[in-house]
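Chain and residue survey
The chain contents come next:
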Amino acid sequence: MKKGLMLNVINPRLSGILIRGEKGTAKSTAVRALAELLPEIEVVADCPYHCDPDQPLAHCPECHERYENGEELPRAKRPMKVVNLPVSATEDRVVGTLDIEHAIKYGEKKFEPGVLAEANRSILYVDEVNLLDDHIVDVLLDAAAMGVNTVEREGVSFSHPAQFILVGTMNPEEGELRPQLLDRFGLCVTIEGIADPEKRVEVIKRRTAFEDNQEEFAAAWEAEQGKLREKMVAAQRLLPAVSYDTEVLYSIADIAIQMGVDGHRADLVMLKAAKALAALHGRNQVEQADVAEVVELALMHRMRKKPFQEVGSDQKKLQEVMSHAHAHKHPHEHSHSHNHQHIHHFKPAR
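Starting afresh in each chain, residues are numbered from 1 along the sequence in its written order. For a predicted model such as this one, the threshold for reporting local features is a pLDDT of at least 70, and the threshold for listing and counting side-chain atom pairs is 80 or more; totals across whole chains, interfaces and linings nevertheless cover every residue. Values reported for side chains reflect all heavy atoms of the structure, with hydrogen atoms and water molecules removed beforehand.

Looking only at helices and strands, the chain features 14 helices and 11 strands. The buried label applies to any residue whose accessible area, calculated with a 1.4 Å probe on protein chains only, is under 20% of its type's maximum; exposed applies above 50%, and partly exposed to all values in between. Counting all 350 residues of the chain, 44% fall into the buried class. Look at the contacts in the chain between residues 6 or more apart in sequence, and 72% of them connect residues 24 or more apart. With an accessible surface of roughly 19,100 Å², the chain has 52% of that area assigned to carbon and sulfur atoms. Helical segments are the DSSP runs of H or I of at least four residues, strand segments are the runs of E of at least two, and each set is numbered from the N terminus. Two residues qualify as a contact provided that any one of their heavy atoms is within 4.5 Å of a heavy atom in the partner residue. Each accessible area is a Shrake-Rupley estimate made with a 1.4 Å probe; only the visible protein chains count as cover when residues are assessed.

Any carboxyl oxygen of Asp or Glu that lies within 4 Å of a side-chain nitrogen of Lys or Arg is treated as forming a salt bridge with it. By the definition in use, this model includes 14 salt bridges. We note a salt bridge from Asp-142 to Arg-184, for which the minimum N-O separation is 2.8 Å. Placement of Asp-142 in helix H7 (residues 134-146) and of Arg-184 in the loop between helix H8 (179-182) and strand S11 (187-191) is noted, with a sequence separation of 42 residues between them. A salt bridge links Glu-211 to Arg-207; its shortest N-O distance comes to 2.9 Å.

Between 30 and 60 degrees the pair is tilted, below 30 it is stacked and above 60 it is edge-to-face, where a pair is any two Phe, Tyr or Trp rings, Trp via its six-membered ring, whose centres lie within 6.5 Å. For the structure shown, the criterion picks out 3 aromatic pairs. Judged by centre distance (4.5 Å) and plane angle (20 degrees), the rings of Phe-111 and Phe-158 are stacked. Here the residue Phe-111 occupies a position in strand S6 (residues 111-112), and Phe-158 occupies one in strand S9 (residues 156-161), the gap between them amounting to 47 residues. The residues Phe-111 and Phe-158 share a single accessibility class, namely buried. Connected via pairs of aromatic rings, a cluster forms that spans Phe-210, Phe-217 and Trp-221.

Let us look at the environment of Met-270. Structurally, Met-270 is set in helix H12 (residues 265-280). We classify Met-270 as buried; its relative accessible area is 0%. Here Met-270 is in contact with Ile-252, Ile-255, Ala-256, Val-294, Val-295, Ala-298 and Leu-299, once residues within four sequence places are set aside.

The 5 strands are arranged S4-S7-S10-S1-S11 in an open sheet whose pairing can be described as parallel. Both outer strands of the open sheet, strand S4 (82-84) and S11, are each paired with one neighbouring strand and no more. Each adjacent strand pair in this sheet contributes to an overall mean axis angle of 20 degrees, direction not counted. Angles shown run from 0 to 180 degrees and are taken between the N-to-C directions of axes, each axis being a line fitted to C-alpha atoms and, for helices, limited to the stretch in contact. Contacting strand S1 (17-21), strand S7 (123-127), strand S10 (165-170) and S11, helix H1 (residues 2-10) runs over the sheet at an angle of about 170 degrees to S1. We call two strands paired when DSSP finds no fewer than two bridges between them.

In structure tokens form, the structure reads like this:
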């Protein structure tokens, strides 16, 4: 869960993460705690969409106009934030509203920003995402994929940047998400309570210490948290330089074929996640170990389900595929690749 959240911050183009798990497993706590690790971002000080002053192509209409007119946009720094979307939210509250009367009367657009505007360049968190109206989930996923929110009413339309990391949490006991929606989340993790008595005791101790004195508890972990924050900022900077060889791509394709996933989204997510993980480890080259580490996060929610399928059979199949890895050079691969000692391949699907 923590790894999946961090990978999404390092590469916001990973299409978010869905956290499935039983109640009381600190899903919400983990997401909200992520806010403490988020780096500061530079924004246009008076912009409701928190536009990046150095990225004119991603400006909202107003910032774009000011930039085109040669105006020096006022700058400010603020931390990224976790914006909460309540399950009861209406579509207008999510996407924002266009004042049609104002447009007709004065010939100009008047837009009231919604949650997607607030979440631009931050994290949009939906607790109990499975209880959200399917249509609103569709809207969220479309905006997350496009990086833009477009509202159209009576032939009048307005667009603004909506580049956010979508994080959903849910308890499967309360109902599942439709497979089409599941597939749109880049990563997915299923968590459950810890069965190790020692670790459970540690959870009790830490939670009690936090409740006894929150300031003292936060101060005790600040140094550790600071290191993690620095590590993530360094990974963000390193990410554009992370490379991979063709053999890694063939490994990813082999896994996807053997696991029988639909479409090509899984392959792309595996590559993006492996690159983010390599950056988190401070490397500028993707290794086979990175792919193996992100496979479950990227694939478990994309498996084709059969009626009466045994619970956990997906994990068994995945472990089987990973254990059947064997080292060999792919015929398409150049012999001078310097990374062969790390690369393992998967037997082609029968």
